[in-house]
Each structure stands twice: as structure tokens, then as C-alpha cells.
Amino acid sequence: MIRLFNSLTQRKEELVPRDDGKVGIYACGPTVYNFVHVGNARPYVVFAILRAWLTARGYQVVLVENITDVNDKINAKADAEGRSPVAIAAEFTQAYVDDTDRLGVPRPDVEPLASETIPEIIDLVCQLIVSGHAYESQGSVYFRVRSFPEYGKLSGQRIDELAEETRVEAEPGKEDPLDFAVWKAAKSGERDHLWESPWGSGRPGWHIECSAMGLRYLGAGFDIHGGGRDLIFPHHENEIAQAEAAGLPFARVWMHNGMIRAGGEKMAKSVGNIFLLREVLDRYAAPVVLIYFLTTHYRSPLEFSLEKLDEAKAAYERLVEAVRTASFRADNPGRGDVHDPVSLRAALDQARTAFAAHMDDDLNTAGALGELFGLGRELFRYIGATDAAGHAADTATLEDVEDLLVECLDNLCIAMLDEGSVSPAGTPGARQAGASGATATDGEACATDGMPLPPAARLAAESRWNDLAELVDERLSCGDATYACLLRDHLRAAKDWTGADALRDRLVAAGFEVRDTPAGTQVVRKG
RNA sequence: GGCGGCGUAGCCAAGUGGUAAGGCAGAGGUCUGCAAAACCUUAAUCACCGGUUCGACUCCGGUCGCCGCCUCCA
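Below, the structure is looked at part by part. Just so we're clear, the structure is a prediction, and the values are computed from it rather than from any experiment.

All right, on to the overall build of chain A then. When its secondary structure is counted, chain A shows 18 helices and 15 strands. The buried share of chain A, taken over its 527 residues, is 53%. Taking the contacts inside chain A whose residues are at least 6 apart along the sequence as the reference set, 75% of them involve residues at least 24 apart. On chain A, roughly 22,500 Å² of surface is accessible, and the fraction owed to carbon and sulfur atoms is 49%. Distance between charge centroids for chain A: 3 Å, based on 54 positive and 81 negative side chains.

Set out below in C-alpha cells:
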């Protein structure tokens with residue numbers, strides 16, 4: 001059973017989709033007048049992971065995330081730069097897609113543009129006018145807030161109190177200061193980014209595009225609507241009013257992510273404490289940024305700092321180490337009796353169950369990740385105990401551990417990067433086998449001029465150490481440490497410490513970190 | 001002023017009516033030819049004050065502090 005905290009009711013509720021087995025999610029995306037910052041990226045990540053988890057749970061999910069490309073701020077920027085609003089919107093829409101793509105998180109299923117939803121918006125405005133919930137005035141159309149008794153149900157505000165405290169200035173043409181524009185008449189001199197309507201040339205008000213797009217793609221009474229907490233009022237409140245006053249039930253569950261802060265204050269363009277997503281991704285690999293996001297519950301505020309990213313990186317590397325170790329030891333179990341994996345098996349079951357339970361419980365990614373770390377510790381303990389006893393590792397269990405870790409991390413959209421790639425240039429998805437012969441994938445990239453190389457393992461088996469040694473540097477230059485590892489195993493077995501150390505130095509120079517294990521030399525690529 | 005949230009070890013952060021996951025950092029130790037990685041040990045009367053309860057960090061009330069929204073904002 002999936003439970004989600006619903007801002008509308010202020011409590012966790014069981015997810016009961018409108019249509020059996022299907023979940024529709026609408027999340028508020030950016031207004032494109034600048035590069036997105038880390039704060040903008042949080043909902044992008046949160047709702048992508050919600051979709052991933054619901055999908056893993058067997059639901060058929062549609063995630064709609066709008067791009068608001070019609071907005072006063074876009075026009076303001078265009079004016080300031082002497083450019084067209086269309087050009088500004090196009091530039092930053094592309095930048096948004098480029099930047100968020102780098103997170104390595106699957107894109108939303110639909111990313112509608114406000115500018116492509118104008119007919120639906122006009123239609124909705126017409127319905128509101130017909131039903132008496134909106135009125136035209138001087139070419140603009142306003143929503144009559146007092147005509148909608150439920151106004152304030154999401155934000156917990158009462159209309160009368162809003163009226164008393166409102167800082168909204170009375171605009172000419174408004175019946176009530178609380179009323180808000182659903183359609184804005186073109187100002188004199190404006191030419192771009194305008195559409196014809198029954199009320200003359202103009203553009204939609206800020207909130208209505210989301211009502212229209214949500215209804216268009218997910219239909220009335222859709223399941224989940226998400227966005228940042230700061231959007232609760234007035235944006236989401238108004239979305240509800242516009243849709244429901246028109247007789248169309250809106251979202252049933254509202255999810256709001258907490259704000260990212262910097263220096264104790266909300267990260268916001270207006271505060272000037274923003275860190276652009278692209279800047280962060282230039283310094284930290286995508287999975288590290290995801291760990292940073294996901295080790296705090298999505299509803300809590302999250303402080304941004306480079307130190308926290310560094311901690312996330314260390315945490316990520318521990319997970320990578322666990323996956324790498326499970327993989328390497330599964331491939332190189334060692335000799336002797338198989339060490340009893342009962343405790344590791346228990347940890348595996350525990351992690352599998354608890355991970356899912358945490359995710360089911362309002363997307364508790366922090367708790368879920370904790371389970372993975374716990375499994376990692378049990379894995380390391382098992383390996384340690386196995387080595388201490390001079391036993392062999394249980395291959396099947398280790399493979400199960402690796403599979404579970406990778407699968408769970410995949411649910412969190414956290415890719416296990418090739419360790420050499422724990423740097424921004426990394427390619428997601430590569431999994432290193434970890435064994436002495438682990439770098440086969442890299443070796444493939446290195447042409448051999450059609451000449452089949454003698455497999456390192458065969459040379460070693462035949463004790464042709466000189467032949468092996470001759471190939472070490474050549475293969476190392478191709479990123480293949482296989483030969484070096486096997487030669488080093490030989491040197492260490494012969495207690496040739498000088499030779500073994502020298503070879504380690506060469507491996508390090510080639511970008512590898514070297515670890516001696518009872519099962520042989522393990523190398524790890526370092527970025 | 002109204003609405004909402006938060007306050008858990010040095011830092012970050014889960015969580016539960018029955019004596020507190022995990023990550024980072026620190027200290028000591030183990031393993032190792034030396035390393036690396038890992039493991040072990042080590043730290044919290046869960047902001048404060050009351051109340052309910054056999055028992056609360058977890059429920060209720062109050063206080064203090066911090067944050068968000070009420071204006072554009074993910």
C-alpha cells in the first residue's frame with residue numbers, strides 16, 4: 001500500500017488511483033526565463049522518482065510536467081535585452097531540457113508548453129465566464145474569487161482574512177482585490193507572444209495554464225499534483241479554483257516538496273543565492289547530486305552547500321564500493337569451504353522489505369537509502385568474516401546483493417557509474433565487473449589491429465610471466481589492467497615485494513587504485 | 001497579523017507510544033609484506049515547560065528559536 005502525504009488534507013493517505021492501476025501525475029515545471037537552479041531541480045527529481053517507484057510497484061504512470069513559456073517575466077527579460085519573448089523562451093526551454101537531462105533521470109512523459117495550450121485555456125476561461133466565476137473587464141478576464149466558496153481549501157486561508165491582509169493592490173477593472181487575472185489584455189506596444197481571444201488580443205494569466213494542461217493531459221479528477229511548497233498559494237489554490245469552478249474536479253492528492261535553502265534562506269532568484277543546476281553538475285556527477293537530494297525527505301527543507309555535496313559524494317562512493325565488492329567477490333569467490341551466508345541472506349531480505357516499505361511510506365527515500373547502506377555494511381562484514389576464516393564467498397548470495405543494490409538504486413534513478421567516472425564526464429549505466437579482468441569493456445575500445453591477444457589468464461595459467469610482463473604496459477595504456485593484475489598476483493605470491501610495489505605504482509600512474517584481496521588484485525579506476 | 005512546517009549525537013538525517021536507522025567528520029583498534037578498501041569500538045536524557053499514559057522523543061497544551069507562504073518564486 002502506497003501512502004502519500006496530501007497537502008489538501010494534511011495527512012498521509014493511501015493512494016487510490018482514479019483508474020485502477022493507473023496514476024496520473026502533474027508537476028509544476030519551470031517558467032523559462034533563466035537557467036534552472038538547484039531548487040528548481042528538486043521537484044523534477046522528486047516526481048521522477050515517484051513515477052519510477054509507482055512504476056516499480058506495477059502502476060502505469062503518466063507524468064506531466066509543464067514548461068511555462070508564456071509569462072510576464074519572460075516578457076520583462078525580453079524587453080530588458082531587446083529580444084523577443086519567443087526567443088527567450090526557446091533558449092531557456094532548451095537549456096532546461098539540457099540541464100535536467102544531465103541528472104540522468106528519465107524525462108517526464110509529457111512536457112507541454114503553455115504556448116501550445118492556448119485554445120484549451122481560452123475554452124476554460126469561457127466556461128468560467130458562462131458560469132459566472134469570471135468576468136471580462138477592459139480586455140482582461142478576472143476570476144471572481146468570492147464566487148468559489150472553497151477558495152483557500154488547499155492553503156488553509158480564509159477569503160476574509162486574505163482580504164484583510166492582502167498586499168495585492170486593487171487594480172482598475174477588478175471587482176475585488178483578491179480576484180486574479182485568467183486572461184490579460186495586451187498592453188499597448190506589445191506585439192509578441194500575444195493571442196487573439198474573444199476579449200481581444202492578450203495572453204493567459206499566470207495560473208490558468210496549469211489548470212488547462214493538467215485537465216488536458218490527465219482529465220478531471222486526476223490523481224496527483226505536485227510542485228514546490230511555495231506554489232501552494234496562490235498558484236495551486238488558483239489552479240483548483242479555476243478548474244473546479246468550471247465544474248471540473250481537479251487533482252485529488254497534492255504533494256509539495258520543501259524548499260532548497262542556501263545560507264538559511266530559500267534559494268531564489270529574487271534573493272540572489274542561487275546555484276545553477278548546470279554549475280553543480282559541472283562539479284559533481286549526477287548520482288551524487290541525486291544522493292544529495294534523496295538523503296533528505298522530499299517535504300523537508302534542504303540546505304545547499306558544497307560540503308553537503310562532498311558528503312553525498314562520499315556516501316555515493318560507499319554504495320559504489322559495496323556494489324563493486326559484491327561483484328568482484330562473486331566473480332572471485334576464492335578457495336575453500338563456502339562461508340555460511342545466513343546473516344547476509346537475512347540482511348538481504350531485510351533490506352529488500354524495508355526499502356520498499358520506506359518508499360511506500362510517502363516516498364521516504366532517506367530511510368530507503370539507509371537500508372541500502374545497512375546492507376552494504378553486512379556485505380562488508382560477510383566478506384571480512386569469509387576472508388578471516390579462509391573460506392570462499394557464496395557467489396549466489398553476493399550476486400543477489402549486487403542485484404538488489406543496483407535495482408533499488410535504479411528505483412532512485414541513481415546510476416552505478418564506472419568508478420573512473422565518478423566525475424562529471426561519466427556515462428551512466430556502466431557497471432564494472434571489478435575482477436582482475438574487469439576492464440574488458442575498456443580494452444574493447446583499444447584496437448588490437450586484428451591481432452588476437454593471448455588472454456592474460458592463459459598466459460598466467462601457463463606461467464608465461466615474461467610474455468605477460470611484456471604486454472602489461474601496452475594493455476595498461478589501453479585501460480586494461482588485466483595483465484598487470486595477474487602479474488602482480490604472481491609477484492606477490494613469490495613475495496617479490498619490490499616488483500609488486502613497482503607494478504602497483506605503474507597501475508596508479510595509469511589511473512587505478514589497487515586493492516589486495518585474498519581473491520587476487522582488485523583494481524578500481526579513479527577519476 | 002493569518003496559514004503551514006521545522007527544532008533528533010560535531011555536522012547531516014530517518015524513525016517509533018515501550019528506552020533512538022543511516023551518511024559524513026573525529027579518536028582508538030583489527031586485518032594487510034606495505035598500502036588501499038573494509039571491519040570493530042567510541043558519542044544524544046530526541047529545543048524547553050507542563051499534561052495524558054503503566055510508559056512519550058513519539059499524543060495534547062504552552063514557551064522559545066528557525067523557516068516557508070500570504071507579492072514573482074520549484
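Next up on the list: the protein's contact with RNA strand B. Around RNA strand B, a shell composed of 60 residues is seen, among which W206, G228, L231, K266 and R504 lie nearest. Put simply, 64% of the atoms of RNA strand B that lie within 4 Å of the protein are in sugar or phosphate. E513 places a side-chain nitrogen or oxygen 2.8 Å from a sugar or linking oxygen of RNA strand B. Between RNA strand B and the protein, one listed contact pairs a sugar or linking oxygen with a side-chain N or O atom of R515 at 3.4 Å. For the surface near RNA strand B, the element with the highest residue contribution is helix α12 (residues 365-389), accounting for 7 residues. Of the residues in the surface near RNA strand B, the class split is 16 nonpolar, 21 polar and 23 charged.

Ranked by internal contacts, the top residues of the largest apolar core, which has 96 residues, are I224, F293 and I414. Among the elements that line this core, the one with the most residues is helix α1 (residues 38-56), at 11 residues. Both domains that meet at this core, namely domain 1 (17-283) and domain 2 (302-418), each give it at least three residues. Dropping the residues within four chain positions of it, I414 is found in contact with P287, L290, I291, L294, Y316, L369 and L409. In this structure, Y151, V182, I208 and I240 belong to the second largest nonpolar core, which totals 43 residues.

This part takes up the packing of α12 against helix α13 (residues 395-411). Look at α12 against α13: their axes get within 11 Å of each other, and the N-to-C directions meet at 160°. The angle between α12 and α13 places the two elements in the roughly antiparallel class. Crossing of α12 against α13: the hand is left-handed. Contacts from L369, L372, L375, L379, Y382 and I383 in α12 reach L398, V401, L404, L405, C408 and L409 in α13. Its residues assigned to classes, the contact of α12 with α13 shows 12 nonpolar, no polar and no charged.

The next thing to look at is helix α3 (residues 85-101). When the terminal C-alpha atoms of α3 are compared, their 24 Å separation across 17 residues agrees well with the 24 Å that a helix rising 1.5 Å per residue should span. The complete set of buried residues in α3 reads P85, I88, A89, F92, T93, A95, Y96, V97, D99 and T100. Tucked into the core, α3 has its buried residues touching α1, β4 (60-65), α2 (72-81) and α8 (277-283). Two to three positions downstream of the cap, the backbone nitrogen of V86 sits 3.1 Å from a side-chain oxygen, assigning the N-cap of α3 to S84.

Tallying each qualifying case throughout the model produces 13 aromatic pairs. Seen from their ring centres, F250 and W254 are 6.0 Å apart, and the 40° between their planes marks the pair as tilted. The pair formed by F250 and W254 is uniform in burial state, with each residue classed as buried. Taken together, the ring pairs connect Y26, F222, F250 and W254 into an aromatic cluster. Positioned above the aromatic ring of Y96 is the side chain of R107, whose terminal nitrogen or guanidinium carbon lies 5.8 Å from the ring centre.

Right, let's get into helix α11 (residues 342-360). Along its 19 residues, α11 runs 27 Å from first to last C-alpha, staying within 8% of the 27 Å computed at 1.5 Å per residue. Of all the residues in α11, the buried ones are L344, A347, L348, A351, A354, F355, A356, M359 and D360. Looking at the buried residues of α11, the elements they touch are β1 (3-6), α1, α12 and α13. The positive-phi residue at the C-terminal boundary of α11 is D362, with phi of around 55°.

Moving on: the packing of helix α4 (residues 118-130) against helix α6 (residues 208-218). The N-to-C vectors of α4 and α6 enclose an angle of 105°; their axes lie 9 Å apart at closest approach. The orientation of α4 with respect to α6, classified from their angle, is roughly perpendicular. Side by side, α4 and α6 meet where E120, I121, L124, V125 and L128 of the first sit next to I208, E209, S211, A212 and R216 of the second. In terms of residue class, the contact of α4 with α6 is made up of 6 nonpolar, 1 polar and 3 charged.

Take the pairing of strand β2 (residues 11-14) next. Bridging between β1 and β2 involves 4 bridges; their strand directions are antiparallel. Each bridged residue has a counterpart across the sheet, and for F5 the counterpart in β2 is K12. Between β1 and β2, which follow one another and run antiparallel, lie 4 residues, and Q10 among them has a positive phi close to 60°.

Moving on, we come to the pairing of strand β6 (residues 140-143). A two-sided burial pattern is seen for β6, the buried positions comprising S140 and Y142 on one face and V141 and F143 on the other. Note that strand β5 (residues 134-137) and β6 share 4 bridges and pair antiparallel. Residue pairing across strands places E136 opposite V141, the latter belonging to β6. Between β5 and β6, which follow one another and run antiparallel, lie 2 residues, and Q138 among them has a positive phi close to 50°. One ladder, built from 3 bridges, connects β6 with strand β7 (residues 180-185); its direction is antiparallel. In the sheet register, V141 faces β7, and the bridge partner there is W183.

Rules used throughout
Residues numbered from 1 in each chain as written. Chains lettered and ligands numbered in written order. Predicted model: local features only at pLDDT ≥ 70, side-chain atom pairs only at ≥ 80, totals over all residues. Heavy atoms only, no water. Helix = DSSP H or I, 4+ residues; strand = E, 2+ residues; numbered from the N terminus. Buried < 20%, exposed > 50% of the residue type's maximum accessible area, 1.4 Å probe, protein only. Contact = heavy atoms within 4.5 Å. Areas by Shrake-Rupley, 256 points an atom, 1.4 Å probe, with all protein chains shown as cover. Lys, Arg positive; Asp, Glu negative; His and termini not counted. Charge placed at Lys NZ, Arg CZ, Asp CG, Glu CD. Near = heavy atom within 4 Å. Polar contact = N/O pair within 3.5 Å; in protein donor to acceptor, adjacent residues only side chain to side chain. Nonpolar A, V, L, I, M, F, W, Y, C, P; charged D, E, K, R; others polar. Core = buried A, V, L, I, M, F, W, Y, C linked by side-chain atoms within 4.5 Å. Domains from an automatic or database assignment. Axes fitted to C-alpha atoms, helices over the stretch in contact; angles between N-to-C directions. Parallel < 35°, antiparallel > 145°, perpendicular 65-115°, else oblique. Left-handed = near helix turned anticlockwise from the far one by under 90°. Expected span 1.5 Å × (residues − 1). Phe/Tyr/Trp six-rings, centres within 6.5 Å; stacked < 30°, edge-to-face > 60°. Lys NZ or Arg CZ within 6 Å of the ring centre and 35° of its normal. Pairing = 2+ DSSP bridges.

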